[in-house]
There are 2 protein chains.
Amino acid sequence: MNALASFEALAADKLIDDDANYQWRVARAPTGLPKPEDFRWGVTDIPEPAPGEVLLKTLYLGLAPVMRMYMQGGGAAGEAALHPGDVIHGRGVAQIIKSRHADWHEGDIVQGQIGWQTYKVSAMTPAEKMFRCRNFGLPAMLSCKTLGMTGLSAHAGLFACGEPRAGDKMVLSGAAGGVGSIVSQLAANVAGCDVLGIAGGAKKCSIIRDLGCSAAIDYQADDVAAELATLRPDGIDLYFDNVGGNILSAVLERLAMRARITLCGSISEYAADAPYALTNYTRLRRTDSRMQGFFVYNHLDRWDAVMDELASYIHDGRLRPVQDIEQGFERMPLALAKLYTGGNIGTQLCSVRGEPGEWR
Amino acid sequence: MNALASFEALAADKLIDDDANYQWRVARAPTGLPKPEDFRWGVTDIPEPAPGEVLLKTLYLGLAPVMRMYMQGGGAAGEAALHPGDVIHGRGVAQIIKSRHADWHEGDIVQGQIGWQTYKVSAMTPAEKMFRCRNFGLPAMLSCKTLGMTGLSAHAGLFACGEPRAGDKMVLSGAAGGVGSIVSQLAANVAGCDVLGIAGGAKKCSIIRDLGCSAAIDYQADDVAAELATLRPDGIDLYFDNVGGNILSAVLERLAMRARITLCGSISEYAADAPYALTNYTRLRRTDSRMQGFFVYNHLDRWDAVMDELASYIHDGRLRPVQDIEQGFERMPLALAKLYTGGNIGTQLCSVRGEPGEWR
């Protein structure tokens with residue numbers, strides 16, 4: 001992890017306590033992979049909630065590939081464009097420690113758009129997409145990702161968009177990632193698909209076999225197109241795409257009849273200078289296949305039902321949350337950098353203060 | 001039509017009678033747009049059917065953009081690869097004039113893979129995709145395209161693949177072409193869509209307004225992206241794509257929620273040296289939209305039902321066949337060249353001998 005050493009250094013001298021609001025802000029728009037110089041450390045007073053507002057104390061923050069796009073200032077994934085000096089967007093789990101809002105109470109555990117900071121004043125507006133974290137008898141930490149937007153992404157992308165059928169010969173890229181580690185288990189254990197996972201490195205390939213994949217392709221070591229031909233001789237019924245680029249193109253060459261491609265993410269393209277040029281989308285024609293995108297915020301109306309469902313799978317063992325947890329708010333830039341260097345396994349989060357003392 | 005003058009010259013010295021089998025063969029694989037030098041004239045004896053075979057006398061032949069791909073030898077759209085010297089693939093309408101086949105009789109009118117020739121011996125195998133032309137009280141000529149594979153393409157692409165909803169704000173490219181002229185009328189008059197047609201030139205734009213389009217964009221004169229923004233301010237619900245390339249890319253920038261794109265053809269790409277590089281397919285994500293292909297031969301099981309339906313629309317006036325008819329088998333290369341130069345309106349066919357004397 002040499003690429004991450006400079007991020008270790010960035011974290012090393014940061015001191016954090018509960019007496020101020022610590023923040024990570026955009027220093028400059030990243031070009032290529034994020035670098036330490038793209039982040040600026042900030043310290044402010046703890047803000048005071050006005051009438052109609054609450055004060056949130058951050059417990060966990062989640063990391064997502066889209067954050068680099070936020071930092072680049074274009075606006076992405078339903079969040080406002082950021083400029084140098086702005087606190088970086090990020091969803092997380094927090095506890096309300098002061099409330100001047102009629103509907104929200106001191107002690108409530110919530111998840112939503114907190115930003116990269118240790119406190120936040122919020123009016124709990126729809127723009128922040130705040131949800132009460134329900135106590136399913138599970139750690140609050142899970143609400144950061146698995147019982148949060150990541151879990152909803154996996155569920156909506158697999159079921160609403162991918163329409164899996166039992167026995168589908170499926171391929172899943174980014175299978176060891178945040179969304180992928182959930183999709184793999186839902187596809188294998190709930191939908192009854194035969195999941196071929198793609199991940200980077202022997203360790204991840206071993207892990208995804210434990211997450212329901214019947215076979216694995218190591219994109220760092222294997223010829224992906226050749227392995228797809230060998231492992232999917234009758235074609236691919238369903239492809240859940242977390243990476244875009246060459247792997248999407250290789251899958252398009254091996255579609256079964258009426259195949260479905262779910263476009264979830266394209267992490268291989270995020271740090272590229274130019275978008276990927278897909279030259280074989282016309283392969284969808286011969287097999288009456290489709291490529292369908294989805295955006296998780298289009299599926300918020302099903303939040304409660306999906307969280308109920310995912311919590312039940314955690315309880316019955318069909319879904320094991322895979323969490324990669326960095327300890328300490330100062331390590332947020334490092335946690336983000338891991339996403340782009342293949343360094344994380346499962347959902348990536350950062351523990352700012354850990355579990356709440358009480359769950360109201 | 002200067003580009004077609006050399007094809008006029010190619011046709012000028014060809015003499016055709018009923019005493020021999022005249023053919024157009026591949027002289028060489030076309031590079032870029034087809035040229036007269038790509039075609040070779042051939043004359044053979046009229047073949048004799050063996051037991052289990054019939055002798056077909058060609059009445060009409062249809063032209064389709066895919067024929068250039070056949071000639072290039074790669075094999076395309078379910079037909080075998082062609083090599084220099086081979087008779088060019090082409091579907092058409094013929095009458096059986098001798099039969100040594102138990103299921104087919106002298107006088108039957110059929111449509112199927114005849115090839116560019118004035119007679120053909122056929123065993124009526126599934127590979128030739130031969131269908132009996134039913135007599136709906138309509139000219140046999142219609143079986144060449146509108147009540148043939150072109151009509152099935154339009155129907156399958158619009159209904160099975162595009163799943164139109166009444167009131168859909170639709171866009172249709174290649175609206176004055178073979179498939180397009182049928183899709184426009186089915187979408188407007190049967191499915192109840194609001195069809196914005198795209199075609200090349202003022203004449204075609206005028207024609208497509210008569211075919212159900214409520215508005216038209218002239219891609220030769222207008223800024224397509226700007227016109228789409230003006231004419232589809234709330235986005236595009238359904239896009240039927242006959243052209244691919246830049247217009248597909250422009251549509252991807254203006255999708256409404258849960259939009260559907262039907263990939264039918266990509267004529268703008270067929271004569272290009274390299275396939276089009278689609279850099280914005282990820283636009284499907286934000287709006288939960290899909291891009292779906294279809295291949296007409298995947299829909300042959302619904303042949304009879306679709307032909308019944310299309311014939312009923314012709315009788316009740318909701319579908320007016322638009323046919324561009326070249327007279328004379330010698331004009332086949334010219335009729336094909338018209339497809340790539342924007343020269344044809346509606347379905348392109350060639351009358352070899354015209355209507356049969358009797359319809360059995």
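## Side note on the pattern of salt bridges
Side chains carrying opposite charge are able to pair once their charged atoms draw close together.
Residue and element names in this part refer to chain A.
Argument step 1. Summed over all chains, the structure comprises 42 salt bridges over all chains.
Argument step 2. A salt bridge links R331 to E8, with the shortest nitrogen-to-oxygen separation between them at 2.8 Å. Placement of R331 in the loop between β14 (323-327) and α10 (332-340) and of E8 in helix α1 (residues 5-12) is noted, with a sequence separation of 323 residues between them.
Argument step 3. For the salt bridge of K98 with E48, the shortest nitrogen-to-oxygen distance reads 2.6 Å. One end of the pair, K98, is in strand β4 (residues 91-99); the other, E48, is in the loop between β2 (39-44) and β3 (54-62), with 50 residues separating them in the sequence.
Argument step 4. Shared partners join several salt bridges into a network, and the residues in it are E8, D324, E326, R331 and K338.

## Some points on the interface of chain A and chain B
Argument step 1. Listed as interface residues are 34 residues of chain A and, on the opposing side, 34 residues of chain B.
Argument step 2. Buried surface at the junction of chain A and chain B, summed over both partners, amounts to about 2500 Å²; 51% is from carbon and sulfur atoms.
Argument step 3. Connecting chain A to chain B are zero salt bridges.
Argument step 4. Inspection of the region where chain A meets chain B yields 15 residue pairs in polar contact (both at pLDDT 80 or more).
Argument step 5. Every element with two or more residues in the side of chain A that touches chain B is listed here: α7 (245-252), β12 (255-263), α8 (267-270) and β13 (290-293) of chain A.
Argument step 6. If one sorts the elements of the side of chain A that touches chain B by residue count, β13(A) sits on top with four residues.
Argument step 7. Grouping the amino acids of the side of chain A that touches chain B by side-chain chemistry returns 16 nonpolar, 13 polar and five charged.

## Quick look at the relation of the copies chain A and chain B
Argument step 1. Mapping chain A onto chain B leaves a residual RMSD of 0.0 Å; the transformation is a rotation of 180° accompanied by 0.0 Å of translation along its axis. When the rotation and shift are considered jointly, the pair of chain copies conforms to a two-fold rotation axis.

## Considerations on helix α9 (residues 303-316) of chain B
Residue and element names in this part refer to chain B.
Argument step 1. Over its 14 residues, α9 extends 20 Å from the first C-alpha to the last, a length consistent with the 20 Å expected when each residue adds 1.5 Å.
Argument step 2. The complete set of buried residues in α9 reads W303, V306, M307, L310, A311, Y313 and I314. Looking down the long axis of α9, one finds its buried residues gathered within 160° of arc, a one-sided arrangement. For α9, exposure combined with an orientation more than 90 degrees from the buried face picks out A305 and H315.
Argument step 3. On its buried side, α9 packs onto β4 (91-99), β5 (109-113), β7 (131-132), α3 (149-161) and α4 (178-191).
Argument step 4. G317 lies just past α9 and shows a positive phi near 90°.

About the thresholds
- Residues numbered from 1 in each chain as written.
- Chains lettered and ligands numbered in written order.
- Predicted model: local features only at pLDDT ≥ 70, side-chain atom pairs only at ≥ 80, totals over all residues.
- Heavy atoms only, no water.
- Salt bridge = Lys/Arg side-chain N within 4 Å of Asp/Glu carboxyl O.
- Helix = DSSP H or I, 4+ residues; strand = E, 2+ residues; numbered from the N terminus.
- Contact = heavy atoms within 4.5 Å.
- Buried area = accessible area lost by both parts, 1.4 Å probe.
- Polar contact = N/O pair within 3.5 Å; in protein donor to acceptor, adjacent residues only side chain to side chain.
- Nonpolar A, V, L, I, M, F, W, Y, C, P; charged D, E, K, R; others polar.
- Least-squares fit on C-alpha atoms with pLDDT ≥ 70 in both.
- Expected span 1.5 Å × (residues − 1).
- Buried < 20%, exposed > 50% of the residue type's maximum accessible area, 1.4 Å probe, protein only.
- Arc of directions from axis to C-beta.

Nothing here speaks to function; it is geometry throughout.
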